[in-house]
Amino acid sequence: MRYIIVGAGAVGGAVGGRLAEAGHQVVLVARGAQYTALRDDGLSLITPDGTHVHRIPVADGPAAVELEAQDVLVLAVKTQDAVAALDDWSVRPVAGGGTAGERLPVICAQNGVEGERLALRRFRRVYGCCVYLPASFVEPGRVVAGGAPLTGMLHLGRYPSGADDTVLAIAADWEKAKLAAPVVADVMRWKYAKLLSNLANAIEAATGVLDSPEAFALFDRAKAEGRAVLAAAGIEAVGGEEQDAARGGKIRFDPFDGSGRSGGSSWQSLSRGTGTIEADYLNGEIVLLGRLHGIPTPVNGVLQSTADAFARERRAPGSMTPAELTALADAAS
């Protein structure tokens, strides 16, 4: 199989780099400065076992890739960019006839739970991927992935449920590339658990890496709302003990280059000044479920609107204090 990584940022770059290192065929798809850097200088993947420069084929869009029947699309753009990417790729012809949407599998390697639904409108074969992979991308051509001894754990499964020979073959490839890839029949159960943890992303983006009792208290309030709406909707998420058992001993996040922990995906969006952020599909998912099921979600509503304002106004990440953000949540509650 050849892996077309649509969105060669932190997660896409780390997955693509590790797959290429393991000898698999990979094409990285990127835009702007990232495309130019990957094309001219290759992908620098910095990990605890060293810096690896990968000269991987790179494309600036679907028109630059001749799709083949054995290709696998890995959708690693953030969910706010998913519709445009899915629209562009689903209609591309595949050698031998048909379109990508008709013939090729697409893996949604994204935070949140909306990407799979968006993909299923356009692709027949959709696979969920719960991404547990610490990585950062703030400089073109350079991805830092701090997980050790494995780079990440990516639970895989058919969407909406089940497993098949395709996902088993994909998992086998990924397992050879320093990526744990358990195949599960209930992948969305894992993704809803990750959604609850990602409710902290907006707090981190606005106030910086969570390191104060006030920030953690606000996160606890956001998670409490999240659990309440999932219960009201009848949605099950994997519990903490099951997550710890799956991940224990396989991935550590210890700093390996002398630096402290950097911000996560939402923080990185603000740091790059992209003008967009994924809060509508993280905290906003909880707000949506709350409205559908009559559950108040004032904390997540404030986190969503605050993160959106930071992105829209291109405010610097971490430029609000936890006390200021908590005051906004208190006023809305």
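Cut-offs applied
Residues numbered from 1 in each chain as written. Predicted model: local features only at pLDDT ≥ 70, side-chain atom pairs only at ≥ 80, totals over all residues. Heavy atoms only, no water. Axes fitted to C-alpha atoms, helices over the stretch in contact; angles between N-to-C directions. Helix = DSSP H or I, 4+ residues; strand = E, 2+ residues; numbered from the N terminus. Parallel < 35°, antiparallel > 145°, perpendicular 65-115°, else oblique. Left-handed = near helix turned anticlockwise from the far one by under 90°. Contact = heavy atoms within 4.5 Å. Nonpolar A, V, L, I, M, F, W, Y, C, P; charged D, E, K, R; others polar. Phe/Tyr/Trp six-rings, centres within 6.5 Å; stacked < 30°, edge-to-face > 60°. Lys NZ or Arg CZ within 6 Å of the ring centre and 35° of its normal. Polar contact = N/O pair within 3.5 Å; in protein donor to acceptor, adjacent residues only side chain to side chain. Salt bridge = Lys/Arg side-chain N within 4 Å of Asp/Glu carboxyl O. Buried < 20%, exposed > 50% of the residue type's maximum accessible area, 1.4 Å probe, protein only. 1 Å grid on protein atoms, 1.4 Å probe; cavity = no way out; pocket = protein on both sides within 12 Å on 5 of 7 lines; lining within 4 Å. Points joined across faces, edges and corners; volume = space filled by probe spheres on them. Core = buried A, V, L, I, M, F, W, Y, C linked by side-chain atoms within 4.5 Å. Pairing = 2+ DSSP bridges.

A. Spatial organisation of the packing of helix H13 (residues 298–312) against helix H14 (residues 322–332). It is at 8 Å that the axes of H13 and H14 come closest, and there the two elements cross at 130°. The orientation of H13 with respect to H14, classified from their angle, is oblique. Where H13 crosses over H14, the handedness of that crossing is right-handed. Contact residues: Pro 298, Val 299, Val 302, Leu 303 and Thr 306 in H13; Leu 325, Leu 328, Ala 329 and Ala 332 in H14. Residues belonging to the contact of H13 with H14 are distributed by class as follows: eight nonpolar, one polar and no charged.

B. The arrangement of the packing of aromatic side chains in detail. For the structure shown, the criterion picks out one aromatic pair. The ring of Phe 219 is capped by Lys 223, whose NZ or CZ atom sits 4.3 Å from the centre of that ring. When the ring centre of Phe 310 is taken as reference, the NZ or CZ atom of Arg 315 above it lies at 4.0 Å.

C. The side chain of His 24, seen in detail. Within the secondary structure, His 24 sits in the loop between helix H1 (10–21) and strand S2 (25–29). Of the polar contacts made by the side chain of His 24, one reaches the backbone oxygen of Asp 173; its length is 3.3 Å. Not counting chain neighbours up to four residues away, the residues in contact with His 24 comprise Leu 19 and Asp 173.

D. Quick look at the pattern of salt bridges. The full count for this structure, using the stated rule, is 14 salt bridges. Among the ionic pairs, Glu 21 bridges to Arg 18, the shortest N-O distance being 3.1 Å. Of this pair, Glu 21 and Arg 18 both sit in helix H1, three residues apart, roughly one helical turn. On the accessibility criterion, Glu 21 (34% relative accessible area) is partly exposed. Here Arg 18 falls in the buried class, since its relative accessible area comes to 2%. Here the residues in one salt-bridge network are Arg 18, Glu 21, Asp 49 and Lys 178, joined through shared partners.

E. Quick look at the environment of Ala 76. Structurally, the position occupied by Ala 76 is in the loop between strand S6 (71–75) and helix H3 (82–90). Ala 76 has contacts with Val 6, Gly 7, Gly 12 and Ala 109, leaving out every residue within four places of it along the chain.

F. Structural context of empty space enclosed by the protein. On inspection of all chains with the given rule, the structure shows two cavities of 30 Å³ or more. In this structure, the largest cavity encloses a volume near 40 Å³. In terms of lining, the largest cavity is formed by Val 6, Leu 73, Leu 75, Ala 85, Leu 86, Trp 89, Val 106 and Phe 123. If you list the elements that add at least two residues to the lining of the largest cavity, you get S6 and H3. Sort the elements by how many residues they give to the lining of the largest cavity and H3 lands first, with three residues. Considering only residue class, the lining of the largest cavity consists of eight nonpolar, no polar and no charged. Here the second largest cavity defines a volume of roughly 30 Å³.

G. Representation of the nonpolar core. In terms of nonpolar packing, the biggest core is built from 67 residues, with Ile 4, Leu 67, Leu 75 and Trp 89 touching the most fellow members. Ranked by the residues each element gives to this core, the list is headed by helix H7 (residues 187–198), at seven residues. If we ignore the near neighbours within four places in the chain, the residues touching Trp 89 are Ile 4, Val 6, Val 29, Gly 61, Pro 62, Val 65, Leu 67, Leu 73, Ala 100 and Phe 123. Val 11, Leu 45, Val 72 and Val 74 belong to the second largest nonpolar core, which has 37 residues in total.

H. Geometry of the sheet that holds strand S5 (residues 58–59). With mixed pairing, eight strands are arranged side by side in an open sheet as S5-S2-S1-S6-S7-S8-S12-S13. Each edge of the open sheet carries a strand with a single partner, namely S5 and strand S13 (179–180).

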